[in-house]
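# Per-entry structural report
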Amino acid sequence: PVTSPLPLVADHHELVKTRDRCRVYKLSLEPGQSVNVSYTFFYLGIVLKGSKVKTELSSNGGQSVSWEKEVKMGDEEWCSPTLNVTITNVGNTVYEQFIAEWR
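Description of the structure in this document. This structure is a prediction, so every number in the text was calculated from the model and none was measured.

### Details of the overall build of the protein chain
- Within the protein chain one finds zero helices and nine strands.
- Radius of gyration (C-alpha) of the protein chain: 13 Å, near the 13 Å computed for a compact globule of 103 residues.
- A total of 103 residues make up the protein chain; the buried ones form 33% of that total.
- Element-wise, carbon and sulfur atoms account for 52% of the exposed surface of the protein chain, whose accessible area totals about 6300 Å².
- Put simply, the protein chain has 11 plus and 12 minus side-chain charges, and the middle of one group is 5 Å from the middle of the other.

Right, dumping it as structure tokens:
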């Protein structure tokens, strides 16, 4: 699997736990806040506090694709490595998510 030897360093992400085969980060976005990040590893995302979230994937050629979805506490998703993704909280409440990186 694709893994990263170094912990993720990105705005709005906090490393909250490290174990032998896993790192856990907490992503927190206030309403209207965005973060651009590259997740260079496989991970499990688990929503702690739900909101409406816009996700945008951009390519080097300037093209992008985006979508919005309402997420709620307990929603989970297995994710593949993703480069240059922008996550925006377009809802009215704080959005929080655990990101568990397998290594």
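### Observations concerning the sheet that holds strand β6 (residues 64–71)
- Here four strands make up an open sheet; going across it, the order is β3-β8-β5-β6 and the pairing antiparallel. Among the strands making up the open sheet, the edge pair consists of β3 (34–39) and β6. Going from strand to strand, the sheet's axes swing by 25 degrees on average, the running direction of each strand aside.
- For β3 and strand β8 (residues 82–89), the ladder comprises five bridges, and the chain directions are antiparallel. Directly across from Tyr39, in β8, lies its bridge partner Thr82.

### Here's the deal with the packing of aromatic side chains
- Here the structure, examined in full by the defined rule, presents six aromatic pairs.
- With centroids separated by 6.2 Å and ring planes inclined at 5 degrees, the aromatic side chains of Phe42 and Trp78 adopt a geometry described as stacked. Here the residue Phe42 occupies a position in the loop between β3 and β4 (43–49), and Trp78 occupies one in strand β7 (residues 76–79), the gap between them amounting to 36 residues.
- Classification of Phe42 as partly exposed rests on a relative accessible area of 23%.
- Taking 5.9 Å as the distance between ring centres and 75 degrees as the angle between the ring planes, the aromatic pair formed by Trp78 and Trp102 counts as edge-to-face. Residue Trp78 is located in strand β7, and its partner Trp102 is located in strand β9 (residues 95–102); the two are separated by 24 residues in the primary sequence.
- Since its relative accessible area comes to 51%, Trp78 is described here as exposed.

### Topic: the sheet that holds strand β2 (residues 22–29)
- In spatial order, the strands read β1-β2-β9-β4-β7; together these five strands make up an open sheet with antiparallel pairing. Strand pairing shows two members of the sheet lacking a second neighbour, β1 (13–19) and β7, which therefore form its edges. On average, adjacent strands in this sheet sit at an angle of 20 degrees to one another, irrespective of strand direction.
- Here six bridges tie β1 to β2, and the two strands are oriented antiparallel to one another. Considered in β2, the bridge of Glu14 is made with Lys26.

Thresholds applied
- Residues numbered from 1 in each chain as written.
- Predicted model: local features only at pLDDT ≥ 70, side-chain atom pairs only at ≥ 80, totals over all residues.
- Heavy atoms only, no water.
- Helix = DSSP H or I, 4+ residues; strand = E, 2+ residues; numbered from the N terminus.
- Rg over C-alpha atoms; globule rule 2.2 N^0.38 Å.
- Buried < 20%, exposed > 50% of the residue type's maximum accessible area, 1.4 Å probe, protein only.
- Areas by Shrake-Rupley, 256 points an atom, 1.4 Å probe, with all protein chains shown as cover.
- Lys, Arg positive; Asp, Glu negative; His and termini not counted.
- Charge placed at Lys NZ, Arg CZ, Asp CG, Glu CD.
- Pairing = 2+ DSSP bridges.
- Axes fitted to C-alpha atoms, helices over the stretch in contact; angles between N-to-C directions.
- Phe/Tyr/Trp six-rings, centres within 6.5 Å; stacked < 30°, edge-to-face > 60°.

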